[in-house]
Amino acid sequence: MLKARLEHDAVYGRCLATAEAVQPGEIVVEELPFAYGPKRDSGIVCLGCYRYLQFGEDGDGDGDRCERCDWPLCGSCADDEETAAGGDHRGECEVFAKARVTFAGNVSEDGVCPQLDCITPLRLVEG
Ligand SMILES: [Zn+2]
Ligand SMILES: [Zn+2]
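Reading the values: rules and limits
- Residues numbered from 1 in each chain as written.
- Chains lettered and ligands numbered in written order.
- Predicted model: local features only at pLDDT ≥ 70, side-chain atom pairs only at ≥ 80, totals over all residues.
- Heavy atoms only, no water.
- Donors = N, O, S within 2.8 Å, 3.2 Å for Na, K, Ca; no water.
- Tetrahedral: all angles 85-135°; square planar, octahedral: opposite > 155°, others 65-115°.
- Helix = DSSP H or I, 4+ residues; strand = E, 2+ residues; numbered from the N terminus.
- Buried < 20%, exposed > 50% of the residue type's maximum accessible area, 1.4 Å probe, protein only.
- Arc of directions from axis to C-beta.
- Contact = heavy atoms within 4.5 Å.
- Axes fitted to C-alpha atoms, helices over the stretch in contact; angles between N-to-C directions.
- Parallel < 35°, antiparallel > 145°, perpendicular 65-115°, else oblique.
- Nonpolar A, V, L, I, M, F, W, Y, C, P; charged D, E, K, R; others polar.
- Pairing = 2+ DSSP bridges.
- Phe/Tyr/Trp six-rings, centres within 6.5 Å; stacked < 30°, edge-to-face > 60°.

Undergrad: Is there a simple way to explain the coordination of the zinc ion (ligand 2) in this structure?
TA: Metal coordination angles in their ideal form are 109.5 degrees for the four-donor tetrahedron and 90 or 180 degrees for the six-donor octahedron. Taken together, the protein ligands of the zinc ion (ligand 2) are C66 (SG), C69 (SG), H89 (NE2) and C93 (SG), with distances of 2.1 to 2.3 Å. Coordination geometry of the zinc ion (ligand 2): the four donor atoms subtend angles of 96 to 117 degrees at the metal centre, consistent with an arrangement described as tetrahedral. For the zinc ion (ligand 2), the single-chain donor residues occur in sequence as C-x2-C-x19-H-x3-C. Of this pair, C66 sits in the loop between β2 (13-18) and α1 (75-79) while H89 sits in the loop between α1 and α2 (90-99), and the two are 23 residues apart along the sequence. Accessibility assignment for this pair places C66 and H89 in one class, buried.

Undergrad: Please clarify how the coordination of the zinc ion (ligand 1) should be interpreted in this entry.
TA: Coordination of the zinc ion (ligand 1) by the protein is provided by C46 (SG), C49 (SG), C74 (SG) and C77 (SG), with metal-donor distances spanning 2.2 to 2.3 Å. One can describe the donor arrangement at the zinc ion (ligand 1) as tetrahedral, given that its four donor atoms subtend angles of 106 to 114 degrees at the metal. Site description for the zinc ion (ligand 1): donor spacing in sequence, C-x2-C-x24-C-x2-C. Each member of the pair, C74 together with C77, is buried.

Undergrad: Teacher, can you tell me more about α2 here?
TA: The α-helix winds at 3.6 residues per turn, so residues separated by three or four positions along the chain end up facing the same way. Listed in full, the buried residues belonging to α2 are E92, C93 and F96. Angular distribution of buried residues about the axis of α2 spans 110 degrees; they occupy a single face of the element. Contact partners of the buried residues in α2: α3 (119-126). Downstream of α2 by one or two residues, R100 has phi in the positive range, about 55 degrees.

Undergrad: Mind showing me how you'd approach the packing of α2 against α3 here?
TA: Angle between the axes and distance between the axes are the two parameters that describe a pair of packed helices. At a closest axis distance of 10 Å, the pairing of α2 and α3 adopts a crossing angle of 95 degrees. Relative to α3, the element α2 lies roughly perpendicular. Of the residues in α3, those in contact with G91, E92, V95 and F96 of α2 are I119, L122, R123 and E126. The class makeup of the residues in the contact of α2 with α3 is four nonpolar, one polar and three charged.

Undergrad: Looking at this model, I keep getting lost on the pairing of strand β1 (residues 4-9). Mind explaining?
TA: When a strand is regular, its side chains alternate between the sheet's two faces. When β1 meets β2, the two strands line up antiparallel, connected through six bridges. Opposite D9, over in β2, you have G13 as the bridge partner.

Undergrad: Please clarify how the packing of aromatic side chains should be interpreted in this entry.
TA: The geometry of an aromatic ring pair comes down to the distance between the two centres and the angle between the two planes. In this structure the tally under the stated criterion is three aromatic pairs. For the ring pair W71 and F103, a centre distance of 5.1 Å and an interplane angle of 45 degrees mean the geometry is tilted. Here the residue W71 occupies a position in the loop between β2 and α1, and F103 occupies one in the loop between α2 and α3, the gap between them amounting to 32 residues. On the basis of relative accessibility, which here comes to 4%, the residue F103 falls in the buried class. Among the aromatic residues, those joined into a cluster by ring pairs are F55, W71, F96 and F103.

Here it is in structure tokens:
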């Protein structure tokens, strides 16, 4: 049973609040995500498992790039037979490879890679 409800807070806007007293560690709500992807203003992450990857200033990532499209993908995601190589990344991989959309690997001083901000919205529209 759902132990949470949507409320509207004057300061925070729409938010989820518990509908009754809950114990620490108790599950309040369980939902499947609509899409998986890097969060906004993220550093360079693997597009299959979202672990942070180390890329040099020249955009070189120790081989942590997808063989097909050249976007960030760690070695274990690239080799994962169970997810057919890349998992969540497969959708945009085909699009990027076909359109030759390259990954520059640029990271701002605060560690943000703005080029990855397109991934999650793109996954929503490619359905
Ligand atoms: Zn990975
Ligand atoms: Zn790829």
